[in-house]
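Listed below are the residues making up each chain.
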Amino acid sequence: MNDERLESLMTDLPAAVRRAKSEGVKVVGYLPGPYVPEELIYASGALPVCLAYGGDAQVADYALSLLPPIICPFARAQVGEMLLKNRPVYDAIDMVVVPSTCQHYRMVGDVWEHQEWTDIFKLGVPYDPREEVSMVYFRDRLSDLWERLENLTGKKITDTSLKEAIGVYDRLREALRNISLLRRNLSPGVSGLEFMKLNHASLVGDPLAMAEALEVFHGERVAAMPDETGVQGAAGVQGEASGRQEAAAQGETDDSPRLLLIGPNVGIGDYGILEMVESAGAHVVMEDVFEGVRDYWCTVGQDGDPLDALVQAHLVDRVPAAFMRSSTGPRFEMVSKIIPWFQVEGVIWYELLCCEFYDQEAYFFENKLRELNIPMLTLESNYDDLRSGSIRTRLEAFLEVVQGGPADA
Ligand code: SF4
C-alpha cells in the first residue's frame, strides 16, 4: 500500500460508515481505550466505530460553551464534533458507549446526555482489575450492554456469534501486531505515521475488511524489504532477538534515532507530533498510547465462555491503564521490555493539556528511564502548540542528545 492508497483508505472511512448506515446497519460509537469490547457490538450486527477524532484546536474550542477549559482537548473535541455536526461519522451514531476511565470522559458522557445527542450506555470500568469483585461487576455491565445492543439492533447475540466476532477482532489485532513488528528492523518496514493511520483505520472501518487490508499491507511490505531474514517475527514482547544487530550484520546503515511515543491519546488526525518527528529525521518505532490506538498485543481467544473471555482480556490481561490502581509499575515494566526489543533510544512523552494521569506519571517515568540511560522529552499539546518553532527547537535538541550530544543541548 503506497501513500496514496493509505490516504484514500483514510478518506473513505466516513463514506463506508455512511454506506453501512444507509444499508440499515446500526452504528454504535464508543470512546477509545481498550475497555469497550467491540466484539460484543459487532456480534449484535452493529458497526462499532471508535469516536477518536482529534487534533483540531478549533473543534476542541467549540466545546468551551459547554465544558470548562480544564477538560482535555481530546475530550472537548468529542463534544465539539457533536455540536458542529461536520463529521459524518458522528452524525451516523445510533448509540454510544462511554467507559468510565477518567473524569474527562465522564464529562463528555454527561454533556452528550444533557444535550440528548443519542442513546448513551455508560460502561463502568473498575479501578482494580485484580479483585474478584471487579470481574463480577464488569461482567455484569457487559451483560447489560449485551441486552441493550440486542434491543437496538433487534438481533440476538449468541455465544457462537460472539466467538465469531472475537475471531475477527483477534485477526485484526494480529495483523496490526505483524505490521508493528516490522519496525524492529533497523530500517523500519513501516513509518510511525503510516502505522498510526493504519491503526486508526482499524478503529472505524469494517473489521473484516480492515483485517484483510492490513494483511495485504503486511505482505507487500515484507516482500519489499531487502532481506526477509531481517524481518522480526511475532514472538511476544519477551522476544530477545535484536533487529538492529541483525540488520547491522546485513550492512544496513539507517542510524536515525529510534523513538518510543508514550502518551494518553493520539486522536485520528492528531498527526502533528509524528510528522514533526519524521521531518526531523527520526523514527517512531513503537507507541504506548492508551486512547485512539488499538491495543494489538492482547488477544481474546475463542475458548470457553465468550463473555468471561472478554472480561479476562479487556479488563485483566492487558497492561493496566494509567487510571487503574497501582498501574505505574506494570506500565513501566512493559516500557522497559519494549525499549531493548525495538532498540529504542529515546522517549517522547506526548501528553494533552489538563490530562492529570499522564502529567503525574511523567516525572516518575523520566527518572526511571534515566536509570536505563534513555532520555525523555515531554511535550504537552493543546492541539495548537505543535506549530510553534520552540517545540521544533526542543525536539531537535532532544534528538542531538539521543544521538550522543551534550545532555543540556
Ligand atoms: S487524554 Fe487524559 S484527560 Fe483526556 S480523556 Fe484521555 S486520559 Fe482523560
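Residues numbered from 1 in each chain as written. Predicted model: local features only at pLDDT ≥ 70, side-chain atom pairs only at ≥ 80, totals over all residues. Heavy atoms only, no water.

Draft legend 1. Up close: the side chain of Ser161. For Ser161, the location among the structural elements is in helix α8 (residues 159–181). At 2.9 Å, the side chain of Ser161 and the backbone nitrogen of Thr158 are in polar contact. Those residues in contact with Ser161 that sit more than four places away from it in its chain are Ala43 and Lys156. (Helix = DSSP H or I, 4+ residues; strand = E, 2+ residues; numbered from the N terminus. Polar contact = N/O pair within 3.5 Å; in protein donor to acceptor, adjacent residues only side chain to side chain. Contact = heavy atoms within 4.5 Å.)

Draft legend 2. Spatial organisation of the site of the ligand. Taken together, the neighbourhood of the ligand is formed by Cys72, Cys102, His104, Tyr105, Pro264, Glu291 and Cys355. Across the shell around the ligand, the residue classes break down as five nonpolar, one polar and one charged. Residue contributions to the shell around the ligand reach at least three from each of two domains, namely domain 1 (3–155) and domain 2 (163–402). (Near = heavy atom within 4 Å. Nonpolar A, V, L, I, M, F, W, Y, C, P; charged D, E, K, R; others polar. Domains from an automatic or database assignment.)

Draft legend 3. The pairing of strand β6 (residues 283–291), seen in detail. With eight of nine residues buried, β6 lies mostly within the body of the structure. Two elements, strand β5 (residues 258–265) and β6, share seven bridges in a ladder whose sense is parallel. Paired with Leu261 across the two strands is Glu287, which belongs to β6. A crossover connection joins β5 to the parallel β6 through helix α12 (residues 272–279); in handedness this β-α-β unit is right-handed. (Buried < 20%, exposed > 50% of the residue type's maximum accessible area, 1.4 Å probe, protein only. Pairing = 2+ DSSP bridges. Right-handed = clockwise from strand over helix to strand, strands pointing away.)

Draft legend 4. Seen up close, helix α9 (residues 192–204). For α9, built from 13 residues, the straight-helix expectation of 18 Å at 1.5 Å per residue is met to within 8% by its first-to-last C-alpha distance of 19 Å. For α9, the buried fraction is high: 13 of the 13 residues fall into the buried class. (Expected span 1.5 Å × (residues − 1).)

Draft legend 5. Layout of the packing of aromatic side chains. For the structure on display, the rule yields 17 aromatic pairs. Seen in terms of ring centroids, Phe290 and Phe323 are 6.1 Å apart; in terms of plane orientation they differ by 50 degrees. Their pairing is tilted. One end of the pair, Phe290, is in strand β6; the other, Phe323, is in the loop between α13 (306–317) and α14 (328–341), with 33 residues separating them in the sequence. The pair formed by Phe290 and Phe323 is uniform in burial state, with each residue classed as buried. Taken together, the ring pairs connect Tyr35, Tyr127, Phe290, Phe323 and Phe357 into an aromatic cluster. Over the face of the ring belonging to Phe195 we find Arg183, whose NZ or CZ atom lies 4.2 Å from the ring centre. The residue whose ring lies beneath Lys197 is Tyr271, and the NZ or CZ to ring-centre distance is 5.2 Å. (Phe/Tyr/Trp six-rings, centres within 6.5 Å; stacked < 30°, edge-to-face > 60°. Lys NZ or Arg CZ within 6 Å of the ring centre and 35° of its normal.)

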